[in-house]
Amino acid sequence: MNAPLPDPDAVATLLDRGRSLAAPALRAAVGRLASPMDTVAAYHFGWIDEAGRPADGDGGKAVRPALAVVSAEAVGAPPEAGVPGAVAVELVHNFSLLHDDLMDGDEQRRHRDTVWKVHGPAQAILVGDALFALAYEVLLEEGGPHAAAAARRLTAAARKLIDGQAQDIGFEHRETVGVAECLEMAGNKTGALIACAASVGAVLGGADEQTADALERYGHHLGLAFQAVDDLLGIWGDSRSTGKQTWSDLRQRKKSLPVVAALAADNPAAERLTGLLTADAKKTPEEFEDFDEEEFAMRAALIEEAGGREWTAAEARRQHDTAVASLDGLTMPAHTREQLLALADFIVIRER
């Protein structure tokens with residue numbers, strides 16, 4: 001995508017700092033859950049294995065906690081001021097992952113079986129609900145004098161996230177979806193919570209509305225870039241890096257950005273792809289599951305030939321640039337601005 005290459009060590013330090021600052025409060029929150037939900041949640045976060053033994057699992061990229069911590073520093077507050085927001089956003093994010101995995105039928109996340117596959121659908125639903133409630137408990141108990149303002153932003157983001165998931169599911173049962181609709185869905189499903197992460201620390205640190213709104217815009221467009229890259233990885237990502245099956249989004253019939261952009265093109269590959277997806281709509285789930293690897297590889301090649309891959313990569317870059325431009329005019333320490341820019345660059349070059 002021709003994105004500037006951030007210093008990998010600097011980005012790793014940022015992500016590790018966000019993760020390490022949030023981890024104790026996150027573990028403490030999960031520890032409040034009744035048994036066996038505490039154990040199921042611990043498995044989901046990678047802290048234990050299926051047998052309950054301590055594990056050093058992949059806890060995710062930690063972009064959201066890093067953003068929450070840096071956004072606090074952007075308004076002159078200590079990084080610790082953003083921790084309740086970081087934890088709250090992580091809890092809401094993982095609530096969505098638990099439910100999404102069940103709704104999408106995903107059997108793998110972060111290189112191991114998903115919660116519903118190991119502990120059953122009921123536990124996936126219950127633990128997801130519990131994490132959602134814990135998010136507000138943590139934020140309102142530990143967020144200080146600005147907790148209510150932060151909670152309002154988290155509430156708006158959570159509602160948009162749920163709207164986006166509903167849109168995403170609805171797209172799977174439609175023959176055609178427009179590019180604008182797909183971007184709106186991505187803005188809700190992914191952009192809203194990253195926007196909240198990018199502003200919640202600042203709000204907890206006492207930011208004025210104008211500053212918080214600008215950081216939220218930065219996060220919103222960063223979220224759109226994040227989703228565009230996710231959609232690319234959902235088709236062409238290396239399963240060893242993503243932790244998911246090859247062609248995972250094609251297997252689920254997702255109307256992701258590369259697919260929608262390809263269908264909107266005016267060329268023979270787009271026409272052939274349209275014919276295949278129209279025929280798919282008449283198939284039963286069992287018939288679709290019978291597709292072999294060559295079928296999915298052929299579809300991925302058609303999407304690329306139609307221009308869907310190139311368009312999505314360009315859109316990720318455009319959203320990245322818009323996110324960065326949202327920081328113009330904001331007064332903040334130079335090193336904090338550099339951190340926000342490095343996180344934006346990381347979003348568009350990641351491989352998982």
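One can find the structure itself at the top, above this paragraph.
A brief report on the enclosed structure follows.

**Re the environment of Gln-210**
At step 1: Tracing the chain through its elements places Gln-210 in helix 9 (residues 209–236).
At step 2: With a relative accessible area of 65%, Gln-210 lands in the exposed category.
At step 3: For Gln-210 and Leu-330, which are 120 residues apart along the polypeptide, the C-alpha to C-alpha distance reads 9.3 Å.

**Some points on the nonpolar core**
At step 1: Leu-67, Leu-91, Leu-131, Leu-154 and Tyr-218 are the most contacted members of the largest nonpolar core, which totals 88 residues.
At step 2: Here this core takes 12 residues from helix 8 (residues 179–204), the largest share from any one element.
At step 3: Setting aside residues no more than four positions away along its own chain, Leu-131 makes contact with Val-30, Leu-33, Ala-41, Phe-45, Leu-91, Asn-94, Phe-95 and Leu-98.
At step 4: One finds Leu-250, Leu-273, Phe-296 and Ile-303 within the second-largest nonpolar core, a separate group that totals 16 residues.

**Remarks on helix 4 (residues 83–104)**
At step 1: Taking 1.5 Å of rise per residue, the 22 residues of helix 4 would be expected to cover 32 Å, and the 31 Å separating its terminal C-alpha atoms lies within 8% of that figure.
At step 2: Most of helix 4 is tucked away, with 20 of its 22 residues classed as buried.
At step 3: The positive-phi residue at the C-terminal boundary of helix 4 is Gly-105, with phi of around 75 degrees.

**As for a negative patch on the surface**
At step 1: Together, Glu-286, Glu-287, Glu-289 and Asp-290 make up a negatively charged patch on the protein surface.
At step 2: Mapped onto the secondary structure, Glu-287 falls in helix 14 (residues 285–289).

The rules behind the values
- Residues take numbers from 1 onward in each chain, read along the sequence in its written order.
- Owing to the predicted nature of the model, reporting of local features is limited to residues with pLDDT of at least 70; listing and counting of side-chain atom pairs is limited to 80 or more, with chain, interface and lining totals taken over all residues.
- The side-chain values count all of the structure's non-hydrogen atoms but skip hydrogen atoms and water molecules.
- Helix numbering and strand numbering both begin at the N terminus, where a helix is a DSSP run of H or I of at least 4 residues and a strand a DSSP run of E of at least 2.
- Burial classes follow relative accessibility: with a 1.4 Å probe on protein chains only, a residue under 20% of its type's maximum area counts as buried, one over 50% as exposed, and anything between as partly exposed.
- Think of a nonpolar core as a cluster: buried Ala, Val, Leu, Ile, Met, Phe, Trp, Tyr and Cys residues, connected wherever their side-chain atoms sit within 4.5 Å.
- The contact rule is simple, with two residues in contact once any of their heavy atoms fall within 4.5 Å.
- By this rule the span expected of a helix is its residue count minus one, scaled by 1.5 Å.
- The patches reported here contain residues having more than 30% relative accessible area and no salt bridge. Joining distances are 9 Å for like charges and 5 Å for nonpolar side chains (Val, Leu, Ile, Met, Phe, Trp, Tyr).
- Only the protein chains shown count as covering a residue, and every accessible area follows the Shrake-Rupley method with a 1.4 Å probe.
- For this analysis, a salt bridge means a side-chain nitrogen from Lys or Arg found within 4 Å of a carboxyl oxygen belonging to Asp or Glu.
- Within this scheme the basic residues Lys and Arg register as positive and the acidic residues Asp and Glu register as negative, but His and the chain ends are omitted.
- By convention, the point assigned to a charge is CZ for Arg, NZ for Lys, CD for Glu and CG for Asp.

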